[in-house]
Amino acid sequence: TQMHARRLPLTRTYGYIPIRRSNTQGLLEQEIHLERLDTDVFFALDRVEHVQWDRAYVDRVFTRPRDDSPAGPALAVDAYGSLHFDGGLQYERHYRAYSSNPSPLPKPLRDASKRDKTRSYDARAYLQLPEMSQRFHDLAIDITREYDNDYDGVHALMKYLMQNCDYTLDVPRHRKDPIEGFLFETSEGHCEYFATTAVLLCRAADIPARLVSGFRGGDWNTYGEFLTVRQSDAHTWIEVYFEGFGWLPFDPTPPDSSAAGYRQIAFEGWTHFVESLELTWHSYIVN
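This report concerns the structure included in the present document. Note that the structure is predicted; figures quoted are calculated from it, not measured.

### Looking at the pattern of salt bridges
Then, number 1: Per the counting criterion, the structure on display carries eleven salt bridges.
Then, number 2: For the salt bridge of D152 with R110, the shortest nitrogen-to-oxygen distance reads 2.9 Å. With D152 in helix 4 (residues 150-164) and R110 in helix 2 (residues 106-112), this residue pair connects regions lying 42 residues apart in the sequence.
Then, number 3: Classification of R110 by relative accessible area gives partly exposed; the value is 31%.
Then, number 4: Measuring nitrogen to oxygen at the nearest pair gives 2.5 Å for the salt bridge that ties D142 to R145.
Then, number 5: We classify D142 as partly exposed; its relative accessible area is 47%.
Then, number 6: Exposure remark for R145: the relative accessible area of 56% places this residue in the exposed category.
Then, number 7: Salt bridges here are not isolated pairs; linked through shared partners, they connect E29, E31, D54 and R96.

The structure is reproduced here in structure tokens:
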């Protein structure tokens, strides 16, 4: 749900930032070593509830000159709930995140998204559409017509895209509208085409939806027993709002052997060994 932007300051005494709750019981713990990226986005599994830094990192953050960030280290939460490093905290990218990673059962989601249910938030921002053809609107209605709830409607739209469109990185040029060209002409595209089309079809069917970009999958390192997430694992999917549950992810892109996250890594064993050495070096020497 759209909310007010806010700052969550790091506490020097405890070295943690509670996002939604202060304890870590029942949460999925992740220890993350984030390499330098051209973004201030804070990465972790979905729904971050709590963030923790080791005491040595906290001391370093507070002893570093803060002329450029007088407000102090913090995580910034934007109006859509996304987390960003702020106040110099972006330099300390070894942290523990605790996520609830919700996966509610279908029946409660069906009940929460009945079409006659009054939404308790302003859905207009997530139902906006550019000018689309009547054929596009008719398709969205036809696919979801038999369902009385958003959950089944979204799954019907995802199924339609997966069965009627193919994944490719070699995207053909569309002379006019790229989305309608993808949907009605070539039926070929990468994850951004699938996700953008899915969002627009959802909105045309009166289902609030939004586009999300991040990373999916990764490569399990057998030497160091950690998961490496690379730039090639970048992915785009959608989120749909359900009353009482918030935004939940759906992925309309079909698996493909050429897709990001599915490629075999050349010299995999050697790559794992070198990456394990690099992580050890950064963890125990650099950091």
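### Side note on the packing of aromatic side chains
Then, number 1: Within the structure shown, the criterion is met by twelve aromatic pairs.
Then, number 2: Consider the rings of Y126 and W247, whose centres lie 4.6 Å apart with planes at 70°: the pair is edge-to-face. Here Y126 is found in the loop between helix 2 and helix 3 (134-144), whereas its partner W247 is found in strand 14 (residues 246-250), with 121 residues between them in sequence.
Then, number 3: You can call W247 buried: its relative accessible area is 7%.
Then, number 4: An aromatic cluster is present here, built from F42, W53, F85 and Y95 joined pairwise through their rings.

Conventions we followed
- Residues numbered from 1 in each chain as written.
- Predicted model: local features only at pLDDT ≥ 70, side-chain atom pairs only at ≥ 80, totals over all residues.
- Heavy atoms only, no water.
- Salt bridge = Lys/Arg side-chain N within 4 Å of Asp/Glu carboxyl O.
- Helix = DSSP H or I, 4+ residues; strand = E, 2+ residues; numbered from the N terminus.
- Buried < 20%, exposed > 50% of the residue type's maximum accessible area, 1.4 Å probe, protein only.
- Phe/Tyr/Trp six-rings, centres within 6.5 Å; stacked < 30°, edge-to-face > 60°.

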